Amino acid sequence: MGRFRHLVIGFCILATILAPAVHAQTRQPNATLAAGLAELNRGNVFEAIRTFKEIVRVEPSSPAASFYLSGLYTGMGRYGTAYSYLKTAMKDNPAQGAYDHQLGLIRRNVGCRPEALSAFQQALKAGMGKDEASVWRQIGDLQVDLLDWDKALDAYQNVLRLQPNDASAHLAIGRFYLDRNDPQRAVSELRTALESAPPPDGVYSSLGRAYRALGDLESAVSILQKGVERNPADQDSLYMLGQVLLALGRGKDGKRTMDEYQSLRDRLSRTNSLFESAIERAQSGELDRSEGLLKEALRIAPRYAPALQALGAVQLNRGNTQGALEMLKQAQASNPLDSETYFDMGTAYLRSGRLSEAMDMTLRARTLDEEDPRYQTLLGEIYSKMNKTAESRAAFDLGRELQSRPGYRPADPYASEMRHRDDSATVKTICGYDADK
Amino acid sequence: MILVIVGAAASALHSETGFPVFVDIAERVGITLMNICGGPQKDYIVEANGNGAAFLDYDNDGNVDVLIVNGSTLEHYKKGGDPMVALYRNDNGHFVDVTDSAHLRKNGWGMGACVADFNNDGFPDVYITAYGPNVLFRNNGDGTFTDVTASAGVGDARWGTGCAFGDYDRDGNVDLYVANYVSFDEKTVKPRGSNDLCRYMGADVFCGPVGLPGQPDVLYHNNGDGTFSDVTAKAGIRDPNYYGFGVVFSDLDNDGWPDIYVANDSQPNLLFRNNRNGTFTEVGLSSGTALNEAGRAQSGMGVAIGDYDGNGLPDIFVTNFARDTNTLYKNLDNMFFVDSTVSAGLGEISLSYLGWGTSLADLDNDGLPDIFVANGQVYPQVDSLNVGQKYFQRKELYRNRGNGKFEEIARTSPDLLIGKSSRGAALADFDNDGDVDILVVNINDRPSFYRNDGGNRNHWIGFRLEGTRSNRSAIGARVEIEAGGRRQISYVLSGGSYLSQNDLRVHFGLGDMTRVDRVRIRWPNGIAEEFGPVEAGRVITIKEGAAAQ
């Protein structure tokens, strides 16, 4: 749930800041929109998506709902879908800073940094109101990526001009000084970042590095220990702590810390390796072996949603409907925005004869991804079992139509994480590239 | 006119800095092999990593010769590939292609080379890594070589990259470590841009290495009878299928037993500490050399060994991918290192470049090892992006200031600023004039051969070591000199850089010292010999157990 909590918090802020600007452009009766935002504020991202999609269904050009959907799909890593909602939002009135900001975020996520930078700069021109600092922060990060340090520093300083206590900007500037071999100034910036509540990710390890660079190894140990106490999974702080302890000649403590670090890395690496092997086995039809590997991966990382979903899918295909449902419910709890999990649950409920649950889950899958023909086909099967012939036929027809669309590729049932990666043409469109670039 | 101005500016810079100028003389001296390594678009990873080169005196005439490894194309490879190597004989400064007469004509997809006298017959042999079976060429001592891969048992068919010889068990026979990269099959690897892992900054680029299965490295023990045995598992070489590139045997803890360091692409680097009983323990993480200072795995390409701070211990320099720094690991003793990249002034500049071949060598003979880095992007597609990088990149040249810091000084040599997509780099004093020259392999292009003009204004001394009880090439020998109260160390090393091999002779710059007061050699078998004083300005041949000749 961690990454979705992040997404929800981000959108609560975005909703508060940007809503007035977007609402001004919409003819929408805002009761439903407000309901969607309320769901977001409550952390019910799926319900918010459903509500915004309902608005879009009634009024396809709705800029506000499309804008929020764009943001939500960006958070889900589905940039092609996010971009297409953004284009809809921008249709009537493209000259809004919020839209350019959103475009910048999508572009940055697909990797085209100069084009993202241009969108953020356009956002500033169009006006970002109270959210100007967050645009400058994005610009700073992009300038770092583009290796233009002085412009990055300018951007971060603009953030601090607008929000003097912005911890992320202090952290970024601290790291900048650290990389420029100025640990004294780095310490000052990083200490300021540390004082914010909560401190930004990475501040403990950076401050530890800065103290180490200053030769103040005891302070480095102290701050790094705090970082590890606060978050035992903070790999960077743990590594740095081990190294500093060894440098201090505290061999036993250093070795123990490095062993902990190694063990943490091994666990992550082992989980990934087991998961990848399991997917390969499943794809080659060795479901028995795949199930074993997935169970082993889940023993190490019990809440790893992709493994839970894949195990559910494998068990489903091995005929273990009940076991599959158990896994899929856990997968859904860990990641409530994976359409494939809902699709598998729909299939499992259908096989168990629980038609209303099957319908509910399949509709959820379709809400999240309206272009997957398998979801329509499953709906057709459920309607058929419910003796709703017309609905069933319509669903089957739509499924066939979706399947015949150019560029359709059958989905891999075991690798749902990979399903929504954008193809090259989509990335080029998002980035505004010429087709041959 | 422009050239004249550039030349004048370089000359002015030289007089300002005193640093030698490097002039590309490749064409002039006859080193003109056009590198083949895939097509211009680099659709697949196998086309992008390029090749290395080696300096070796194959005919023992005192002039180091040049061997350049060559790749192939996917189309040619289906028909057996292209000639894997070209050998150029050094005829007093001019090079003659003797590949055919040396019986080195063999087709395939070559990658890199390392050199040692594996059968102790007095003539250096050559191991060639390849995408496909690697090849061992035995030097017959008559100007020809014989492919003895099958009988020696070293024809690893995986994708070999870096290799290095070293006598890890000190039995007098050099053993062989080969780094392997990824499992690549054109039929199964997805085309450019097919998913997120096949894009760089929004552009469609080749897939890999991330997302492709890695291949484990291999250690061969030299049985002393012309054959080798794969002792990887027995010796405790546990490579978790990392994407191996640069490799070097070096006694990093100064205990007289060679350790092994491997730079891995996109994965932590590996350091195998020699347990002195035929086995190794991997200590990369605890030694601080697996990751950078921030605890991040980088994309290791090439590796150089040298004592940059004069503390008598070998430091490690690793070249990495663009938008990441190259990394200098300072040796603090007891197999513990600290990432000193930023404090040494090597951080920020290197971010714009993708580093490959490299060396820590005293290029201005002032007694301090400098750093050379050959650069080049792997993605030609970056040229269409405005991201501060180009496919063709200049070299980096760092002058050692002697206070733990380096100064980037490539501007003194206009030829080093010419953009190429470079890969391997090997160093040697090819013209025996007392300063070290640099050969660079450029992908899909002719090589660059940078003659060092002016390094020999300072004094120097060289050593050619010959083992008797130790391995004949003396690989692993540690040479310590003392001149004017100042001590320096260096090693006879095989491998290192990127897919390349430097001259096995050891070179020291002496500044204004005309004499070396004391020379101490610790031979690969652990026995030390000491002698001196010796006059500077020459290469001295030293046979193990005998006085300097």
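Everything below is about the structure shown above.
Each chain carries its own residue numbering, running from 1 in the direction its sequence is written. Starting at A for chains and at 1 for ligands, labels are handed out in the order in which the entities are written. Given that the model is predicted, a residue must reach a pLDDT of at least 70 before its local features are reported, and side-chain atom pairs must reach 80 or more before they are shown or counted; all residues, however, enter totals for whole chains, interfaces and linings. The side-chain values count all of the structure's non-hydrogen atoms but skip hydrogen atoms and water molecules.

**Here we look at the pairing of strand S27 (residues 370-375) of chain B**
Two faces, one strand: in a regular strand the side chains alternate between the faces of the sheet.
All names here are of chain B.
No. 1: The cut-offs for exposure are 20% and 50% of the maximum accessible area for each residue type, with area from a 1.4 Å probe on protein chains only; residues under the lower value are buried, those over the upper are exposed, and the others partly exposed. The helix count covers DSSP runs of H or I at least four residues long, the strand count covers runs of E at least two residues long, and both are numbered beginning at the N terminus. S27 sits mainly inside the fold: six of its six residues count as buried.
No. 2: Burial along S27 is two-sided: the face carrying Asp370, Phe372 and Ala374 and the face carrying Ile371, Val373 and Asn375 are both buried.
No. 3: Summarising the sheet, strand S26 (residues 355-361) and S27 pair through five bridges and their orientation is antiparallel. What sits directly across from threonine 358, in S27, is valine 373.
No. 4: Strand pairing is defined by DSSP finding a minimum of two bridges between the two strands. As paired elements, S27 and strand S28 (residues 396-400) share three bridges and run antiparallel to each other. Bridge pairing in S28 places valine 373 opposite glutamate 396.

**Digging into the pairing of S28 of chain B**
Residues and elements named next belong to chain B.
No. 1: Counting buried positions along S28 gives five out of five residues, so the element sits mostly inside the fold.
No. 2: For S28 and strand S29 (residues 406-408), the ladder comprises three bridges, and the chain directions are antiparallel. Bridge pairing in S29 places tyrosine 398 opposite glutamate 408.
No. 3: What sits between the antiparallel neighbours S28 and S29 is a turn of five residues, in which glycine 402 has the positive phi angle 85°.

**Notes on the side chain of histidine 170 of chain A**
All names here are of chain A.
No. 1: Note that histidine 170 resides in helix H10 (residues 167-179).
No. 2: The class for histidine 170 is buried, based on a relative accessible area of 8%.
No. 3: Here, residues are in contact when the closest pair of their heavy atoms is within 4.5 Å. In this structure, histidine 170 is in contact with Leu160, Pro164, Asn165, Glu189, Thr192 and Ala193, ignoring residues within four places of it in sequence.

**Digging into the sheet that holds strand S8 (residues 110-116) of chain B**
Residues and elements named next belong to chain B.
No. 1: Strand order across the open sheet formed by four strands is S8-S9-S10-S11, with antiparallel pairing between neighbours. Each edge of the open sheet is held by one strand with a lone partner, namely S8 and strand S11 (145-147). With direction set aside, neighbouring strand axes in the sheet form an average angle of 25°.
No. 2: In the sheet, strand S9 (residues 125-130) pairs with strand S10 (residues 135-139) via three bridges, with the strands oriented antiparallel. Looking at S10, one finds that tyrosine 127 is bridged to leucine 136. Simply put, an axis is a line fit to the C-alpha atoms, just over the touching stretch for a helix, and the angle between two N-to-C directions goes from 0 to 180 degrees.

**Overview of the interface of chain A and chain B**
No. 1: In this assembly, 33 residues from chain A lie in contact with 32 residues from chain B.
No. 2: Buried area: the sum, over both parts, of the accessible surface (1.4 Å probe) that disappears when the two are put together. The contact between chain A and chain B buries some 2,900 Å² in all, and 51% of this surface belongs to carbon and sulfur atoms.
No. 3: A pair is scored as a salt bridge if a Lys or Arg side-chain nitrogen falls within 4 Å of a carboxyl oxygen belonging to Asp or Glu. Viewed at the interface, chain B and chain A are joined by five salt bridges.
No. 4: The closest approach of N and O atoms between aspartate 236 of chain A and arginine 296 of chain B, which form a salt bridge, is 2.1 Å.

**Let's talk about the packing of helix H3 (residues 45-58) of chain A against helix H20 (residues 355-368) of chain A**
Residues and elements named next belong to chain A.
No. 1: Viewed as axis vectors pointing N to C, H3 and H20 meet at an angle of 70°, and their least axial separation amounts to 10 Å. Comparing their axes, H20 and H3 come out roughly perpendicular. Crossing hand, H3 versus H20: left-handed. For the pair H3 and H20, the contacting residues are Phe46, Glu47, Ile49, Arg50 and Lys53 in the first and Asp360, Arg364, Thr367 and Leu368 in the second.
No. 2: Grouping the amino acids of the contact of H3 with H20 by side-chain chemistry returns three nonpolar, one polar and five charged. In what follows, roughly perpendicular refers to angles from 65 to 115 degrees, roughly parallel to angles under 35, roughly antiparallel to angles over 145, and oblique to any angle outside these ranges. In this scheme, a crossing is called left-handed if the near helix is turned counterclockwise away from the far one by less than a right angle; it is called right-handed if the turn is clockwise. Following the grouping adopted for this structure description, the nonpolar residues are Ala, Val, Leu, Ile, Met, Phe, Trp, Tyr, Cys and Pro, the charged ones are Asp, Glu, Lys and Arg, and the polar ones are all others, Gly among them.

**Notes on the packing of helix H2 (residues 30-41) of chain A against helix H4 (residues 63-75) of chain A**
Residue and element names in this part refer to chain A.
No. 1: Interhelical geometry of H2 versus H4 gives an angle of 20° and a closest axis separation of 10 Å. In this view, H2 runs roughly parallel relative to H4, as classed from their interaxial angle. Here H2 and H4 pass one another in a crossing that is left-handed. Here Leu33, Leu37 and Leu40 of H2 come into contact with H4, specifically with Ala64, Ala65, Tyr68 and Leu72.
No. 2: Residues belonging to the contact of H2 with H4 are distributed by class as follows: seven nonpolar, no polar and no charged.

**With respect to the state of the cysteines**
Residues and elements named next belong to chain B.
No. 1: Two cysteine sulfurs form a disulfide in these notes if their separation is within 2.5 Å. If you walk through the whole model with that rule in mind, you get three disulfides over all chains.
No. 2: Here cysteine 114 is linked by a disulfide to cysteine 163, with a sulfur-sulfur distance of 2.3 Å. Measuring the twist about the S-S bond at about -125°, one finds the cysteine 114-cysteine 163 disulfide to be left-handed. Of this pair, cysteine 114 sits in strand S8 while cysteine 163 is found in strand S12 (residues 160-166), placing the two residues 49 residues apart along the sequence.
No. 3: Classification of cysteine 114 by relative accessible area gives buried; the value is 0%.
No. 4: Taking relative accessible area as the criterion, cysteine 163 reaches 3% and is therefore assigned buried.

**Considerations on the sheet that holds strand S32 (residues 448-453) of chain B**
All names here are of chain B.
No. 1: Sheet architecture is open: four strands sit in the order S1-S32-S31-S30, paired in antiparallel fashion. Among the strands making up the open sheet, the edge pair consists of strand S1 (21-24) and strand S30 (422-428). Neighbour to neighbour, the strand axes of the sheet diverge by 25° on average, direction disregarded.
No. 2: One ladder, built from five bridges, connects S30 with strand S31 (residues 437-442); its direction is antiparallel. In the strand pairing of S31, alanine 426 is matched with leucine 439.

**Quick word on the nonpolar core**
No. 1: Residues belong to one nonpolar core when they are buried, are Ala, Val, Leu, Ile, Met, Phe, Trp, Tyr or Cys, and are joined through side-chain atoms within 4.5 Å. With 155 residues, the main nonpolar core has Ile49 and Phe52 of chain A together with Trp159 and Phe184 of chain B as its most contacted residues.
No. 2: The source of the domain bounds is an automatic or database domain assignment. Of the domains in this structure, domain 1 (1-93) and domain 2 (309-405) of chain A are the two that each give at least three residues to this core.
No. 3: With sequence-adjacent residues up to four places away left out, tryptophan 159 of chain B is seen in contact with Ile45, Val46, Asn49, Met111, Ala130, Tyr131, Ala179, Asn180, Tyr181, Val182, Phe184 and Gln215 of chain B.
No. 4: Formed by 58 residues, the second largest nonpolar core is a distinct cluster that contains Tyr58, Phe508, Val534 and Ala536 of chain B.

**Considerations on the side chain of glutamine 315 of chain A**
No. 1: By secondary structure assignment, the location of glutamine 315 of chain A is in helix H17 (residues 305-317).
No. 2: Not counting residues up to four positions away in its chain, the partners in contact with glutamine 315 of chain A are Glu291, Lys295, Asn320, Gly323, Ala324 and Met327 of chain A.

**Section: the environment of leucine 176 of chain B**
All names here are of chain B.
No. 1: Mapped onto the fold, leucine 176 is located in strand S13 (residues 175-180).
No. 2: Between the C-alpha atom of leucine 176 and that of phenylalanine 165, which follows or precedes it by eleven residues, the distance is 4.5 Å.
No. 3: In this view, leucine 176 contacts Cys114, Tyr127, Val154, Cys163, Ala164, Phe165, Val218, Leu219, Tyr220 and Phe228; residues no more than four positions away in its chain are not counted.

**A few points about the pattern of salt bridges**
Residue and element names in this part refer to chain B.
No. 1: In the structure shown here, the tally under the stated rule is 62 salt bridges over all chains.
No. 2: For aspartate 255, the salt bridge is made with arginine 276, and the minimal N-O distance between the two is 3.0 Å. Linking aspartate 255 in the loop between strand S18 (243-250) and strand S19 (259-265) with arginine 276 in the loop between strand S20 (270-274) and strand S21 (280-282), this pair joins segments that are 21 residues apart in sequence.
No. 3: Between arginine 518 and glutamate 482 there is a salt bridge, with its nearest N and O atoms 3.4 Å apart. Of this pair, arginine 518 sits in strand S38 (residues 518-522) while glutamate 482 is found in strand S34 (residues 478-483), placing the two residues 36 residues apart along the sequence.
No. 4: Residue classification places arginine 518 among the buried positions, given a relative accessible area of 18%.
No. 5: Accessibility expressed as a relative area gives 24% for glutamate 482, which makes it partly exposed.

Worth remembering: the numbers are spatial, not functional.
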